[in-house]
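Chain by chain, the residues:
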Amino acid sequence: MMNAPARPLRARIHLDALLHNYRHAKCLAPRARALAVVKANGYGHGAVAVARALADEADGFAVACIDEAMELRESGIRHPILLLEGVFAPHEIALVDRAGLTAVIHSREQLEWILAARPARRLDCWIKLDSGMHRVGLAPNDFAAAHAALTASPHLGELVAMSHFARADEPEHPYTERQIAIFGQALGGLRIPRSLANSAAILAWPQSHGEWTRPGIMLYGVSPLPGEHPQATALRPTMTLESALISVRDLAPGEPVGYGGRFVCERPTRIGVAAVGYADGYPRHARDGTPVAVNGQRTRIIGRVSMDMITLDLTGMADARIGAPVELWGATIPANEVAQASDTIAYQLFTGIGRRVPLLHEGV
């Protein structure tokens, strides 16, 4: 029985670029240790492959929950692993204990569960303060008491104080300075390691770096900052989403393209179809004009994104034939450009990659 030809769609993951980006994060905050954030399957890049690529240099990893942590442990990762959302029920503490994980404490309930636990080892914990994000975290007035209770417990090991920024991706906005001040006031004179800086803060707010940073989206080659920030220019794209042309045709002026006829040809137009769509994670709301590259040459999407296909403008591209390579995002087409044209962010592009898209890991 002959093997059917594979659909020409894949995401190439450039692990050398990932390692470069982690090193850049470390260079920007040389006195801090850095937890590589690999939640959501390594932002769609494959958490296990990402962690293994960084294993020789990473100070540790951060994930959202125990399931993500256990995937890393079962793959042989023995680094510190932080649960950014902590435990969701008291019984999870036993697994945190056995697997040697570190839990964030962001609520009074989690604090009570941790204090009531009787683990076999001393548990390391991070105490999360709500400095203004107002999502999760202990109130500033509650921090000192929580810290005192944890340090008095014989079952607790190393403690780190953390918070999360709401507007660090707006370098001119004063809210981040306000959060830094609230965090410092709540901690007072306590001698405790601190972690505030996400990717945006690593790049733009050096006064926030502390003892631990938490690089996330910057590891994957995308700047969370507007414009071309000087500290972000060194980042290298880690994912190339690529497909190929599966159809080419010529249309006359006045002919519509795709569902609803959103795009209407204003001139004789050469149309190409690439094998990718919203079922694969490509944004359905990508507007006409969203950039794409064919044979390394920039062009644009025309017409609505379908479940399995997109239509492209090939006018003036004589070499664009069936089988020609199509880059949806990567080195030629920055993911941020696609995200902006689709009213979303690169985080969602990466994490939205569907199961039909093979991840091909290269390098390291």
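Engineer: So what's going on with helix α5 (residues 92–99)? Which residues, and what values?
Structural biologist: All of the buried residues along α5 are E92, I93, V96, D97 and A99. Looking at the buried side of α5, the elements it contacts are α4 (66–74), β4 (81–83), α6 (108–116) and β6 (123–128). Looking one or two residues past α5, G100 carries a phi angle of roughly 65 degrees, positive in sign.

Engineer: How would you sum up the side chain of N198? Please name residues and give values.
Structural biologist: Of note, N198 is situated in the loop between β8 (194–197) and α9 (199–204). Of the polar contacts made by the side chain of N198, one reaches the backbone nitrogen of A201; its length is 3.1 Å. When residues no more than four places from it in sequence are discounted, the contact partners of N198 are H164, F165, A168 and R214.

Engineer: So what's going on with the sheet that holds strand β3 (residues 60–63)? Which residues, and what values?
Structural biologist: Judged by pairing direction, the barrel is parallel, and its eight strands sit side by side in the order β2-β3-β4-β5-β6-β7-β8-β9 before closing back on the first. Of the strand pairs in this sheet, β4 and strand β5 (residues 102–105) are connected by two bridges, and their pairing is parallel. Bridge assignment links L82 to a residue of β5, and that residue is T102. Lying on the sheet, helix α7 (residues 140–152) is in contact with β5, β6 and β7 (156–162); it crosses β7 at an angle near 160 degrees.

Engineer: An account of empty space enclosed by the protein is requested, with residue identities and associated values reported.
Structural biologist: Left-over empty space is what a probe sized like a water molecule reveals as it rolls over the atoms. Enumeration over the complete set of coordinates arrives at one cavity of 30 Å³ or more. Taken as a whole, the largest cavity encloses approximately 30 Å³ of empty space. For the largest cavity, the full set of lining residues is K128, L129, S131, M133, R135, V136, S163 and H164. A per-class count over the lining of the largest cavity returns three nonpolar, three polar and two charged.

Engineer: Any chance you could break down the packing of helix α1 (residues 15–28) against helix α3 (residues 47–54) for me, citing the residues and the numbers?
Structural biologist: Put simply, α1 and α3 touch, their axes get as near as 10 Å, and they point 60 degrees apart. In terms of orientation, α1 and α3 fall into the oblique class. Helix-helix and strand crossings are classified by hand; for α1 and α3 the assignment is right-handed. Across from L15, L18, L19 and Y22 in α1, the residues of α3 making contact are A49, V50, A53 and L54. A per-class count over the contact of α1 with α3 returns eight nonpolar, no polar and no charged.

Engineer: Tell me what's going on with the packing of aromatic side chains, and back it up with residues and numbers.
Structural biologist: On inspection of all chains with the given rule, the structure shows five aromatic pairs. Taking the centre distance of 6.1 Å and the plane angle of 35 degrees together, the rings of Y43 and Y347 count as tilted. Here the residue Y43 occupies a position in helix α2 (residues 39–43), and Y347 occupies one in helix α11 (residues 346–351), the gap between them amounting to 304 residues. By relative accessible area, which is 32% here, Y347 ends up partly exposed.

Engineer: Could you give me a rundown of the packing of α6 against α7, with the residues and numbers involved?
Structural biologist: Packing of α6 against α7 leaves a shortest axis separation of 11 Å and a crossing angle of 10 degrees. Considering the angle they form, α6 stands roughly parallel to α7. On α7, the residues that touch R108, L111, I114 and L115 of α6 are D142, A146, A149 and L150. Class assignment for the residues of the contact of α6 with α7 results in six nonpolar, no polar and two charged.

Engineer: Which residues make up the layout of surface pockets, and what values go with them?
Structural biologist: Taken as a whole, the second largest pocket holds about 190 Å³ of empty space. For the second largest pocket, the lining is made up of 13 residues, of which P80, T102, D124, W126 and E158 are closest to its centre. Elements with a minimum of two residues in the lining of the second largest pocket: β4, β6 and β7.

Engineer: An account of the side chain of D313 is requested, with residue identities and associated values reported.
Structural biologist: Within the secondary structure layout, D313 lies in strand β16 (residues 310–313). In terms of polar contacts, D313 uses its side chain to reach the side chain of T315, at 2.7 Å. Non-local contacts of D313, meaning those with residues more than four positions away in its chain, are made with R267, T269, R270, T299, R300 and I302.

Engineer: Go over the pairing of β7, please, and point to the residues and values.
Structural biologist: Counting buried residues along β7, five of its seven residues qualify, which places the element largely inside the surrounding structure. The pairing of β6 with β7 spans five bridges and is parallel. For K128, the partnering residue across the bridge sits in β7 and is M162. Taken together, β6, α7 and β7 form a β-α-β motif whose crossover is right-handed. Bridging between β7 and β8 involves two bridges; their strand directions are parallel. Residue pairing for β8: M162 is matched across the bridge by S195.

Parameters at a glance
- Residues numbered from 1 in each chain as written.
- Predicted model: local features only at pLDDT ≥ 70, side-chain atom pairs only at ≥ 80, totals over all residues.
- Heavy atoms only, no water.
- Buried < 20%, exposed > 50% of the residue type's maximum accessible area, 1.4 Å probe, protein only.
- Helix = DSSP H or I, 4+ residues; strand = E, 2+ residues; numbered from the N terminus.
- Contact = heavy atoms within 4.5 Å.
- Polar contact = N/O pair within 3.5 Å; in protein donor to acceptor, adjacent residues only side chain to side chain.
- Pairing = 2+ DSSP bridges.
- Axes fitted to C-alpha atoms, helices over the stretch in contact; angles between N-to-C directions.
- 1 Å grid on protein atoms, 1.4 Å probe; cavity = no way out; pocket = protein on both sides within 12 Å on 5 of 7 lines; lining within 4 Å.
- Points joined across faces, edges and corners; volume = space filled by probe spheres on them.
- Nonpolar A, V, L, I, M, F, W, Y, C, P; charged D, E, K, R; others polar.
- Parallel < 35°, antiparallel > 145°, perpendicular 65-115°, else oblique.
- Left-handed = near helix turned anticlockwise from the far one by under 90°.
- Phe/Tyr/Trp six-rings, centres within 6.5 Å; stacked < 30°, edge-to-face > 60°.
- Right-handed = clockwise from strand over helix to strand, strands pointing away.

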